[in-house]
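This is what each chain is made of:
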Amino acid sequence: DGIIQAADLASGVGGKTVQFIEKRIDGGFSTTSTSFVDVTSLSQAITMTDASNKVLIEAPLWVSHSATSAYVYTAIYKGSTQLQQVGMMPCESYAFSNSGKWIFLSYLDTPAAGTHTYNIKLRRGTTSGTVKISIGGNNSTHEQPYKPDMVLRLTEIAA
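Residues numbered from 1 in each chain as written. Predicted model: local features only at pLDDT ≥ 70, side-chain atom pairs only at ≥ 80, totals over all residues. Heavy atoms only, no water.

S.K.: Break down the side chain of arginine 124 for me, with residues and values.
M.R.: Along the polypeptide, arginine 124 turns up in strand β8 (residues 115-124). Despite its burial, arginine 124 remains without a salt bridge, the nearest opposite charge being carried by aspartate 38 at 17 Å. A polar side-chain atom of arginine 124 sits 2.6 Å from the main-chain carbonyl oxygen of threonine 32. At 3.4 Å, the side chain of arginine 124 and the backbone oxygen of glycine 129 are in polar contact. Setting aside residues up to four positions removed in sequence, arginine 124 forms contacts with Thr32, Ser33, Thr34, His65, Tyr71, Tyr73, Gly129 and Val131. (Helix = DSSP H or I, 4+ residues; strand = E, 2+ residues; numbered from the N terminus. Buried < 20%, exposed > 50% of the residue type's maximum accessible area, 1.4 Å probe, protein only. Lys, Arg positive; Asp, Glu negative; His and termini not counted. Salt bridge = Lys/Arg side-chain N within 4 Å of Asp/Glu carboxyl O. Polar contact = N/O pair within 3.5 Å; in protein donor to acceptor, adjacent residues only side chain to side chain. Contact = heavy atoms within 4.5 Å.)

S.K.: Can you break down the packing of aromatic side chains residue by residue, with the values?
M.R.: By convention here, two paired aromatic rings are described through the distance between centres and the angle between planes. Taken as a whole and judged by the stated rule, the model has four aromatic pairs. Between tryptophan 62 and tryptophan 102, the aromatic rings sit 5.6 Å apart at their centres with planes inclined by 75°, giving edge-to-face as the arrangement. Pair noted here: tryptophan 62 is in strand β4 (residues 54-65) and tryptophan 102 is in strand β7 (residues 101-109), with a separation of 40 residues, a long-range link. Take tryptophan 102: its relative accessible area is 43%, and that puts it in the partly exposed class. Ring plane angle 15° and centroid distance 5.9 Å describe the contact between tryptophan 102 and phenylalanine 104, whose orientation is recorded as stacked. Owing to a relative accessible area of 61%, phenylalanine 104 belongs among the exposed residues under this scheme. Three or more aromatic residues link up through ring pairs in this structure, and these residues are Trp62, Trp102 and Phe104. For lysine 121, the ring lying beneath its charged end belongs to tyrosine 77, and the centroid distance is 4.3 Å. Geometry around phenylalanine 36 places arginine 123 over its ring, the cationic atom sitting 5.4 Å from the centre. (Phe/Tyr/Trp six-rings, centres within 6.5 Å; stacked < 30°, edge-to-face > 60°. Lys NZ or Arg CZ within 6 Å of the ring centre and 35° of its normal.)

S.K.: Go over the pairing of strand β10 (residues 150-157) with me, naming the residues and quoting the values.
M.R.: Burial analysis of β10 places seven of its eight residues in the buried class, the great majority of the element. Where strand β1 (residues 17-25) meets β10, eight bridges bridge the pair, whose relative direction is antiparallel. The partner of glutamate 22 across the bridge, within β10, is arginine 153. As judged from the five bridges shared by β4 and β10, these two strands associate in the antiparallel manner. Note on β10: the bridge partner recorded for valine 55 is glutamate 156. (Pairing = 2+ DSSP bridges.)

S.K.: So what about the pattern of salt bridges? Which residues, and what values?
M.R.: Within the structure shown, the criterion is met by five salt bridges. Between arginine 24 and aspartate 149 there is a salt bridge whose closest N-O contact spans 3.9 Å. Here aspartate 149 lies in the loop between β9 (131-133) and β10 and arginine 24 lies in strand β1, a separation of 125 residues in the sequence. The class for aspartate 149 is buried, based on a relative accessible area of 17%. The network of salt bridges with shared partners includes Glu22, Arg24, Asp149 and Arg153.

S.K.: Any details on the sheet that holds strand β6 (residues 81-88)? Residues and values, ideally.
M.R.: Read across the sheet, four strands follow the order β3-β8-β5-β6 without closing on themselves; strand pairing throughout is antiparallel. With partners counted over all chains shown, the strands left at the sheet margins are β3 (37-47) and β6, one partner each. Taken pair by pair, the neighbouring strands of this sheet meet at an average axis angle of 15°, ignoring direction. Here β3 pairs with β8 via seven bridges, running antiparallel. Directly across from isoleucine 46, in β8, lies its bridge partner histidine 116. (Axes fitted to C-alpha atoms, helices over the stretch in contact; angles between N-to-C directions.)

What follows is the structure, encoded as structure tokens:
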């Protein structure tokens, strides 16, 4: 059933972190595509130590769009399978053009045995312009220390 029981936690079996992998990239990514594209270098493989364990996928990302009142879509994929999609638009009109906002992608997967590759994808909505991760303001590139890194975290959790 995938539920970690209190008895498992008490016995020290379930809920423990088995392995943690963080991919942190000091750079940015942008696209004008209306179809999901892989965010360059924001992909990570994990080899499961037990077929019944789970993987927590997390990606805190700073996203922006060059247009106002425009949608930005981000997604977590395992291989070619979309696991989660988040679409966002600013609450205030005209507050989003070339500025940015944090989004936090998070998904708990039960991938089974073997090695599995997770990646982040990005696309824009129908509004023309450029969507970006770790790029904001009037800049077209990631400029350390002014922009946060792109991050993808994988945590294998004992069942």
